Amino acid sequence: MHTIETRGQGGRRSIRGWRGWLWGGAVGLLLLPALAMRFCPQAGVDWSPLDFAVMGVLLAAVCGLLDFGLRRDGSPAYRAGFAVAVLAGFATIWANLAVGMLGGEGDPANALFAGVLAIAAVGSLLARFRAAGMAKAMVVTALAQLAVVGVALALGGFLPRELLLTAGFALPWLLSAGLFGRAAR
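Residues numbered from 1 in each chain as written. Predicted model: local features only at pLDDT ≥ 70, side-chain atom pairs only at ≥ 80, totals over all residues. Heavy atoms only, no water.

**Considerations on the pattern of salt bridges**
Where we set the bar: One speaks of a salt bridge when a side-chain nitrogen belonging to Lys or Arg is within 4 Å of a carboxyl oxygen belonging to Asp or Glu. Helix numbers and strand numbers start at the N terminus; a helix is a DSSP run of H or I with at least 4 residues, a strand a run of E with at least 2.
Enumeration according to the criterion identifies two salt bridges in this entry. Linking Arg 19 and Asp 67 is a salt bridge whose minimum nitrogen-to-oxygen distance equals 2.8 Å. In this pair, Arg 19 is assigned in helix H1 (residues 18-39) and Asp 67 in helix H2 (residues 49-71), connecting sequence segments 48 residues apart. Between Asp 67 and Arg 71 there is a salt bridge; the shortest N-O distance is 3.3 Å.

Here it is in structure tokens:
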């Protein structure tokens, strides 16, 4: 059983079995649409085998990244920052695959979010996953998220709520940056 040890005001504390919960939770999430299709057809869930494969790969990537980030030597703030960043990336991909963040799911403007995610990934690699560098990378990622809103405004044709939601996706990146900044102190 894997353990994360943290040191706080109360001394040493450990979180046991987190990997089982992480990967088991992903399997459970993947089973939900299958169960809905089987037992609640009126819910309108209609996933193809490709949908399950794509979500399986996406959940495996998220769990792998979380597993990596949670096992790194670091403070709880570092781990929380890492988790927030991974979940922000997951939400961005999921929203784009499901309905698209700008316009419909097939709108070419949604391809801009690949750049946002690339900035987060490349920035993390350049920072060598060190807290101070990760904080900077997440700030740049948040700015890239807001730049997508600027591009969408220039292109025109998007609803105000789409632009607001897209701008709101900068908040988790900034939260992650703040947590990494705290871990760097």
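**Brief notes about the packing of aromatic side chains**
What counts here: Think of it this way: a Phe, Tyr or Trp ring, Trp meaning its six-membered ring, pairs with another when their centres are within 6.5 Å, and the plane angle makes it stacked under 30 degrees, edge-to-face over 60, tilted otherwise. The cut-offs for exposure are 20% and 50% of the maximum accessible area for each residue type, with area from a 1.4 Å probe on protein chains only; residues under the lower value are buried, those over the upper are exposed, and the others partly exposed.
All told, the structure shown has seven aromatic pairs when counted by the stated rule. Taking 5.9 Å as the distance between ring centres and 55° as the angle between the ring planes, the aromatic pair formed by Phe 68 and Phe 82 counts as tilted. Within this pair, whereas Phe 68 is found in helix H2, its partner Phe 82 is found in helix H3 (residues 76-98), the two being separated by 14 residues in sequence. Residue classification places Phe 68 among the partly exposed residues on the basis of a relative accessible area of 35%.

**Section: the side chain of Thr 166**
Rules: Every residue pair with non-hydrogen atoms within 4.5 Å of one another is taken to be in contact.
Structurally, Thr 166 is set in helix H6 (residues 160-168). Excluding anything up to four places from it in sequence, Thr 166 contacts Met 101, Leu 102, Phe 113, Gln 145, Val 148 and Val 149.

**Observations concerning the nonpolar core**
Where we set the bar: Side-chain atoms within 4.5 Å are what join buried Ala, Val, Leu, Ile, Met, Phe, Trp, Tyr and Cys residues into a set we call a nonpolar core.
Counting 42 residues, the largest nonpolar core has Tyr 78, Phe 82, Leu 102, Met 134, Met 138, Trp 173 and Phe 180 as the members making the most contacts within it. Elements supplying a minimum of two residues to this core: H1, H2, H3, helix H4 (112-126), helix H5 (131-155) and helix H7 (170-184). At ten residues, H5 tops the list of elements feeding residues into this core. Among all residues touching Met 138, those that are not within four sequence positions of it are Ala 85, Ala 120, Ser 124, Trp 173, Ser 176, Ala 177 and Phe 180.

**Examining the packing of H5 against H6**
This is how the line gets drawn: Fitted lines through C-alpha atoms serve as axes, helices being fitted only where they are in contact, and the angles separating the N-to-C directions of these axes extend from 0 to 180 degrees. Small angles under 35 degrees read as roughly parallel and large ones over 145 as roughly antiparallel, with 65 to 115 read as roughly perpendicular and the rest as oblique. Note: crossing handedness is left-handed where the near helix turns anticlockwise from the far helix by less than a right angle, and right-handed where it turns clockwise.
Running from amino to carboxyl end, H5 crosses H6 at an angle of 160°, the nearest separation of the two axes being 8 Å. Classified by the angle their axes make, H5 and H6 are roughly antiparallel. Where H5 crosses over H6, the handedness of that crossing is left-handed. Across the interface between the two elements, Gln 145, Leu 146, Val 148, Val 149, Ala 152 and Leu 153 from H5 touch Leu 163, Thr 166 and Ala 167 from H6.

**Some details on the environment of Ala 167**
The residue Ala 167 is located in helix H6 in this model. The partly exposed category is assigned to Ala 167, whose relative accessible area is 23%. A sequence separation of 17 residues divides Ala 167 from Gly 150, and the C-alpha atoms of the two residues are 9.3 Å apart. With residues up to four places along the chain from it excluded, the contact list for Ala 167 reads Leu 146 and Val 149.

**Topic: the packing of H1 against H2**
As a reminder, the rule being used: Residue classes follow a fixed rule: Ala, Val, Leu, Ile, Met, Phe, Trp, Tyr, Cys and Pro count as nonpolar, while Asp, Glu, Lys and Arg count as charged, and any other residue, Gly among them, counts as polar.
Packing of H1 against H2 leaves a shortest axis separation of 10 Å and a crossing angle of 165°. The orientation of H1 with respect to H2, classified from their angle, is roughly antiparallel. The hand of the H1/H2 crossing is right-handed. Along its contact with H1, which presents Trp 18, Arg 19, Leu 22, Trp 23, Ala 26, Leu 29, Leu 30, Pro 33, Ala 34 and Met 37, the element H2 presents Phe 52, Met 55, Gly 56, Leu 59, Ala 60, Cys 63, Gly 64, Leu 66, Asp 67, Leu 70 and Arg 71. Partitioning the contact of H1 with H2 into residue classes produces 16 nonpolar, two polar and three charged.

**Structural notes on H2**
Cut-off, in case you're wondering: To estimate the expected span of a helix, subtract one from its residue number and multiply by 1.5 Å.
Between the first and last C-alpha of H2 there are 32 Å, a value that for 23 residues agrees with the 33 Å anticipated at 1.5 Å per step. For H2, every residue scored as buried is listed here: Met 55, Leu 58, Leu 59, Val 62, Cys 63, Leu 66, Asp 67 and Gly 69.

**Some remarks on the environment of Leu 112**
Positionally, Leu 112 belongs in helix H4. Sequence-wise, Leu 112 and Phe 90 are 22 residues apart; in three dimensions their C-alpha atoms are separated by 15 Å. What Leu 112 contacts, discounting residues up to four positions off in sequence, is Val 148 and Val 151.

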